[in-house]
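As a plain string of letters, each chain reads:
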Amino acid sequence: MGEVIVITSGKGGVGKTTTTANIGVGLAKLGKKVVVIDTDLGLRNLDVVMGLENRIVYNLVDVIEGNCRMKQALIKDKRFENLYLLPSAQTKDKSAVSPEQMKKLTEELAEEYDYILLDCPAGIEQGFQNAIAGANHAIIVTTPEVSAIRDADRIIGLLEKNHIKKIDLVINRIRMDMVKRGDMMSVEDVTEILAVNLLGALPDDEQVVIATNQGEPVIGMDSMAGNAYLNICKRLMGEEVPFLNLNSRKGLFHKIFKSK
Amino acid sequence: MKNSSVSIAKSRLKSLLVSDRVNCTPDTFDKIQSELYKTISKYIEIIPEEFDVQVTRSHIYIKLTGEDL
């Protein structure tokens, strides 16, 4: 049986879609069979981040309504044989899908794939309820900002209420220069406030913007964010990987600085 | 170092999360805290400096002594 993981945050724009895409690519790279699902009906994005937007024929709603078979809607990734995308519908709204239907769909996929990753829409309404319905594990993405952390806390409360017990935290867009000045909360600060298991911390890396412009994953690139995502994937697979010390990465900072 | 904007953010978050978690205003929470103190002090000898109420997502912890939870 595969593991069904929802990637969620409450607040929009903190990096859910980028995180979903990169964890999907990373797990596939490590040899796992992976499906990533865009559950944001009406605001499809995961296809663009993965560079697969021109290959969409059918979507999530088509599968649920029985307009096509699952196999017809799954888009094979450009680089990885064992990575598939189930895109969202651009013309439907949240009410086109119910939590029960999503649960059935993820159960079906879990029979064949090792990991099913659900990219959750922002908010706590029906889109969120749909995305978490079939999940047994959640990854909360947040940034070191008051608004994002507040939303993450509410989301964690809602997940606990919905009996999702395995909850991991990813802290995105950390700027060590600001942390050092005391102008940005540190990984330790955020983890302490939210009191959930830390799965990974990502630096605010411009390579992510460059990768997204090109529809490529950042995980293949020689970048801090890419390495951090790969470590997240290894931890998900049960490996104990030490956390990158974003503080003492002088070598890499120096290298980046020098290459400019 | 800690007295720049991070400490402001952390103290704002602290009261924000408490009021989100118990669904009340910071003022109401202060009242809950002082009523709990009054009630408990009727039966148990406690001193105000060592009394603290902490709210997590699933529990309310009442600290009576100087010990950490």
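Residues numbered from 1 in each chain as written. Chains lettered and ligands numbered in written order. Predicted model: local features only at pLDDT ≥ 70, side-chain atom pairs only at ≥ 80, totals over all residues.

Visitor: So what exactly am I meant to see when it comes to the overall build of chain B here?
Guide: From N to C terminus, chain B includes two helices and two strands. Element order for chain B, N to C, with α for helix and β for strand: α-α-β-β. Taking all 69 residues of chain B together, the buried fraction comes to 4%. (Helix = DSSP H or I, 4+ residues; strand = E, 2+ residues; numbered from the N terminus. Buried ≥ 20, exposed ≤ 12 C-beta atoms within 10 Å, placed from the backbone.)

Visitor: Got a minute to help me understand the overall build of chain A in this structure?
Guide: In terms of helices and strands, chain A carries twelve helices and eight strands. With 260 residues in all, chain A has 48% of them scored as buried. Long-range pairs, those at least 24 residues apart, make up 75% of the contacts in chain A between residues at least 6 apart in sequence. (Contact = placed C-beta atoms within 7 Å.)

Visitor: Whenever I open this one, the interface of chain B and chain A confuses me. Can you help?
Guide: In many reports, interface size means the accessible area that the parts give up when they come together. Every contact between the two is made by 15 residues of chain B and, on the other side, 16 residues of chain A. Taken together, the residues that form the side of chain B that touches chain A break down as six nonpolar, four polar and five charged. (Nonpolar A, V, L, I, M, F, W, Y, C, P; charged D, E, K, R; others polar.)

Visitor: Explanation requested: the sheet that holds strand β1 (residues 3-8) of chain A in the structure shown.
Guide: In any sheet, the strands associate via hydrogen bonds between backbone groups, in a parallel or an antiparallel arrangement. All names here are of chain A. Taking strand neighbours across the sheet as the criterion, the eight strands line up as β3-β4-β2-β5-β1-β6-β7-β8 in an open arrangement whose pairing is mixed. Looking at the sheet topology across the chains shown, the edges are occupied by β3 (75-76) and β8 (197-203). In the sheet, strand β6 (residues 137-142) pairs with strand β7 (residues 166-174) via six bridges, with the strands oriented parallel. Among the inter-strand pairings, isoleucine 139 is bridged to a residue of β7, identified as aspartate 168. Along the sheet, helix α9 (residues 187-194) makes contact with β6, β7 and β8, crossing β7 at roughly 150°. (Pairing = 2+ DSSP bridges. Axes fitted to C-alpha atoms, helices over the stretch in contact; angles between N-to-C directions.)

Visitor: How should I be thinking about the packing of helix α7 (residues 146-161) of chain A against α9 of chain A in this particular structure?
Guide: Angle between the axes and distance between the axes: these two values describe a pair of packed helices. Residue and element names in this part refer to chain A. One can describe the packing of α7 onto α9 by two numbers: an axis separation of 10 Å at closest approach and a directional angle of 35°. Of the two elements, α7 crosses α9, and the hand of that crossing is right-handed. Between α7 and α9, the residues in contact are Ile149, Ala152, Asp153 and Ile156 and Val190, Ile193 and Leu194, respectively. Within the contact of α7 with α9, the residues separate by chemical class into six nonpolar, no polar and one charged. (Left-handed = near helix turned anticlockwise from the far one by under 90°.)

Visitor: How do you make sense of unusual backbone geometry when you look at a structure like this?
Guide: Backbone phi values are negative for most residues with the exception of glycine, while trans is the configuration of most peptide bonds. Even without a glycine there, the phi angle at arginine 173 of chain A is positive, about 60°. With respect to the helices and strands, the residue arginine 173 of chain A is situated in strand β7. Judged by local crowding, arginine 173 of chain A falls into the buried class, with 20 C-beta atoms found within 10 Å. Unlike most non-glycine residues, asparagine 23 of chain B shows phi in positive territory, near 55°. Position of asparagine 23 of chain B among the secondary structure elements: in the loop between α1 (5-21) and α2 (26-43). You can call asparagine 23 of chain B exposed: it has 7 C-beta atoms within 10 Å.

Visitor: In this structure, what is going on with the nonpolar core? I would like to understand it.
Guide: Nonpolar side chains in soluble globular proteins generally cluster together in the buried interior. The biggest cluster of nonpolar side chains holds 82 residues, and the ones touching the most others in it are Ile5, Leu117 and Leu118 of chain A. Not counting chain neighbours up to four residues away, the residues in contact with isoleucine 5 of chain A comprise Tyr115, Leu117, Leu118, Ala135, His137, Ala138 and Ile139 of chain A. (Core = buried A, V, L, I, M, F, W, Y, C linked by C-beta atoms within 7 Å.)

Visitor: Sorry if this is basic, but what is going on with the confidence of the model for chain A here?
Guide: Segments scoring low in pLDDT should not have their predicted coordinates read at a detailed level. When pLDDT is averaged along chain A, the result is 93, and 95% of the positions lie at 70 or above. In the model, residues 254-260 of chain A has pLDDT below 50 throughout and makes zero contacts with residues more than four positions away in sequence or in other chains. (pLDDT = per-residue confidence, 0-100.)

Visitor: Would you mind showing me how to read the pairing of β7 of chain A here?
Guide: Looking down a regular strand, the side chains alternate between one sheet face and the other. All names here are of chain A. Regarding topology, α7 serves as the crossover connection from β6 to the parallel β7, and that connection is right-handed. Taken together, the five bridges between β7 and β8 define a ladder with parallel strand orientation. In the strand pairing of β8, aspartate 168 is matched with asparagine 197. (Right-handed = clockwise from strand over helix to strand, strands pointing away.)

Visitor: Help me understand the environment of threonine 91 of chain A, please; the structure alone is not making it clear to me.
Guide: Tracing the sequence through the fold places threonine 91 of chain A in the loop between β4 (83-86) and α5 (99-110). In this structure, the C-alpha to C-alpha distance between threonine 91 of chain A and leucine 41 of chain A, residues 50 residues apart in sequence, is 7.7 Å.

Visitor: Explanation requested: helix α6 (residues 126-133) of chain A in the structure shown.
Guide: Along an α-helix, residues three or four positions apart point the same way, because every turn accommodates 3.6 residues. Residue and element names in this part refer to chain A. In terms of burial, α6 is a largely internal element, six of the eight residues being buried. Those residues of α6 not exposed but buried are Gly127, Phe128, Asn130, Ala131, Ile132 and Ala133. Where the residues of α6 are buried, they touch β1, α5, β5 (115-119) and α7.

Visitor: In this structure, what is going on with α5 of chain A? I would like to understand it.
Guide: Residues and elements named next belong to chain A. In this model, α5 (twelve residues) spans 16 Å end to end at C-alpha, consistent with the 16 Å of a helix rising 1.5 Å per residue. Residues of α5 that are buried: Met102, Leu105, Thr106 and Leu109. All buried residues of α5 fall inside an arc of 95° around its axis, so they share one side. Tucked into the core, α5 has its buried residues touching β1, β2 (34-38), α3 (60-65), β5 and α6. (Expected span 1.5 Å × (residues − 1). Arc of directions from axis to C-beta.)

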